[in-house]
Each structure stands twice: as C-alpha cells, then as structure tokens.
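Okay, here's what each chain looks like letter by letter:
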Amino acid sequence: MGYRIVLNFEDGATRFIDCNAGEKVLEAAYRHKINLPMDCSDGVCGTCKCRCEQGDYNLGEDYLDYALSADEAAEGLVLTCQMEVFSDCVLAVPAPSSACKVAPARFAATVSAVELASDSSILLTLDLDAPETLDFLPGQYVNLEVPGSTQHRAYSFSSKPGERQARFLIRNVPGGLMSGWLVDQAQPGARMTFVGPNGVFFLRPVRRPIVMLAGGTGLAPLLSMLEVLADQGVDQPVHLIYGVTRDGDLVELPRLEALAARLPTLTWSVCVADPQSAQPLKGYVTEHLADHHLNAGDCDVYLCGPPPMVEAVRQFFQDKGMAPAAFHYEKFAPSEAA
Ligand code: FES
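Keep in mind that what you see is a predicted model, and the values were worked out from it rather than measured.

Scoring rules and cut-offs
- Residues numbered from 1 in each chain as written.
- Predicted model: local features only at pLDDT ≥ 70, side-chain atom pairs only at ≥ 80, totals over all residues.
- Heavy atoms only, no water.
- Core = buried A, V, L, I, M, F, W, Y, C linked by side-chain atoms within 4.5 Å.
- Buried < 20%, exposed > 50% of the residue type's maximum accessible area, 1.4 Å probe, protein only.
- Helix = DSSP H or I, 4+ residues; strand = E, 2+ residues; numbered from the N terminus.
- Contact = heavy atoms within 4.5 Å.
- Expected span 1.5 Å × (residues − 1).
- Phe/Tyr/Trp six-rings, centres within 6.5 Å; stacked < 30°, edge-to-face > 60°.
- Lys NZ or Arg CZ within 6 Å of the ring centre and 35° of its normal.

(A) Structural context of the nonpolar core. Residues Met212, Leu226, Leu229, Leu240 and Tyr242 are the most contacted members of the largest nonpolar core, which totals 32 residues. Contributing elements (two or more residues each) for this core: strand E14 (210-215), helix H4 (219-232), strand E15 (238-244), helix H5 (253-262), strand E16 (266-272) and strand E17 (300-305). Take this core: its biggest share by element is 9 residues, from H4. Apart from the residues within four sequence positions on either side, leucine 229 is in contact with Leu203, Val206, Ile210, Met212, Val234, Val238 and Leu263. Of all hydrophobic cores here, the second largest spans 30 residues; its members include Phe9, Cys48, Cys52 and Leu91.

(B) How the structure looks around helix H7 (residues 307-320). With 14 residues, H7 should cover 20 Å at 1.5 Å per step; its first-to-last C-alpha distance of 20 Å lies within 8% of that length. Buried positions along H7 lie against E14, helix H6 (291-294), E17 and strand E18 (326-331). Directly beyond the C-terminal end of H7, a positive phi value near 65° is found at glycine 321.

(C) Layout of the packing of aromatic side chains. Per the stated rule, a full pass over the model turns up 9 aromatic pairs. When the centroid spacing of 6.2 Å and the interplanar angle of 70° are considered together, the rings of phenylalanine 201 and tyrosine 302 count as edge-to-face. Linking phenylalanine 201 in the loop between strand E13 (191-198) and E14 with tyrosine 302 in strand E17, this pair joins segments that are 101 residues apart in sequence. Pair check on accessibility: phenylalanine 201 and tyrosine 302 agree, each one buried. Considering the side-chain rings of phenylalanine 317 and phenylalanine 327, the 6.1 Å spacing of their centres and the 75° angle between planes classify their relative orientation as edge-to-face. One end of the pair, phenylalanine 317, is in helix H7; the other, phenylalanine 327, is in strand E18, with 10 residues separating them in the sequence. Residue phenylalanine 327 is classed as partly exposed on the basis of its relative accessible area of 23%. Cation over ring: arginine 204 sits above phenylalanine 202, and NZ or CZ is 3.8 Å from the ring centre.

Here it is as structure tokens:
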C-alpha cells in the first residue's frame, strides 16, 4: 500500500510523491528524482531533518540522539532517511526546491470560459490538458503565465483538486496585465500555462471549529477548501464571513448556498464596507465575528485577504487577548503592475 507525501519546500513550491509501505521517505523522494537534503542516510548527521505537519509515522529506531533529539521529535521533527509513514503526510522541507533539484512543474490548459463575475472580479475556467498529473492541496495557488508576455501572476484555485477543469477568481485590476488580457483578448480556446502548485495556505485535518474569513477575491482558496469539506462531510461547525467593499463586488453567492446545502455544519454571511450597501451586514469582517464562532479560541482560523485585512484580524485577536488554536492566512497584493 502506498501513501501520498506532500513536500512543501522553503520557497513555497510543493511536490507530491508516493511512498510505499516500509519505504523510507528519503528513498521515495529520490525515486521521484527529488534530492531531499541528506548526507549519511544512516540517522547520524541530522541533515535530512524536516518537520512533519500532518500524518502518522514512526521515527525509525536506528538514529542518534545527536541527529534528532527527543525534544525535536516531540515537536514533529523527523529524519526522512529513517521515518516510515502509515498514512498520507505533509512534510515541510527546510530547503528551497531548486536546491533539491526539483524542476518547476508546468501545466498547460485551454481557456474554457472567461466571465465578468462582478464589477471587480473575473471567473476564469481552464480545461486542463492532463488533469491526472495536477495535484494540489485545497487553498494553494499557481503562477499563471500571461499569454504573450514573460510575466506571471499568482492565483489560488477556487476549484477543488482532482477535477478536469481548474477555476480561478481573479481581481479585475484596471490596467492590470492579466486582467487586461482576460478582458480584452482571452477567448475560449486560447492556450495558457501555469507553474505550481505553491503555498502553505491549505486545509488541515479538521479537529475543532473552523472560522473562515475572506476579503474580496480572497474567497477563492476558501471555496476550494469548502468544496473538499463538503465532499468529506465534517461534524465541526464551519463559519465563513465574506467581506467586500461594495455590493457590486459580491460573487459566487449561489455557489456558497449550494455548499451550505451540501455541508450542514456550514454557516456563512457577507458583509459590505460601503455604508450604503443593501446587505444587512455592513462594515468589516471583524465587526461580525461573534464569540460563539470563536469557541473561546479553540478554533482554526483561515484568512485570505489584502494585507490591511490580515493585520486587522490579527489586531482583533490581540485586543481580545485570544490566540486561536491555529491561524492560517494568505495575504494577496492589492494590485498588479501592468
Ligand atoms: Fe543523515 Fe538522515 S541523512 S540523519
């Protein structure tokens, strides 16, 4: 039986490898032509030390305390030359992907649809050339290359892994390079490429209530996570607050309704900063975070939005004197240069 190992490199690149039962993770990586850091491969030097962020494993019995101390092991550090896994795992590798001779993974696709979803965002749907070769964690992003240029832009999948199409929610930036191409030139049938996946903003195993906070197109990675949660089914409450600037910025509300129908523990609301909004909730997401959502801090927070929103949420928890059990966030740049 094999397990899926996710290798998250220091530069944000991610690769997926299969590891057979009884096989050392280091061996599995080399079988996939990924040169994880190593020196002795005998549990002596500690060069192969990584952090296991998810999954079940044993550390092996044949290593020196000098290479991995009991305290390090208790913190989740592992020696990849010694560990054996008993489930799918996520490993943080303290080295850039280039140092491990990991070539960028490039994917090709054809534009299926480009829709102006709101005053400020575009829905892009791509038909993947080889969907079976694309794996990612819900919440991750890729670098989408702007056709006819040498530039790329980072966008999170709003679709879930394992589909034949990839969907993205893209901020429509006046004068923006990608936005301009999508609005003025993109047609169904156009070819696009992207590199990835990347990022450490991804859905973790559900162990406690989840609070999701989205700002604008920061909704995209949370939609991907919610699709997976709806497929899995979860007992824990999941509450999403989706904030935008104006009513015309709201997108994907029918999709959120459909997700809530599939995932009974999901509740969600939208809030609009514009005081003239027709929505009942006005202001910023932090004004609508209630104590019962926060479960006295025993909750996992997933936050994706522009930097001021991320800082406002941090400040919110600081002012409350509360540290959530886990705080995962992704900041996206508010604009893109043409
Ligand atoms: Fe030396 Fe793993 S490579 S301890």
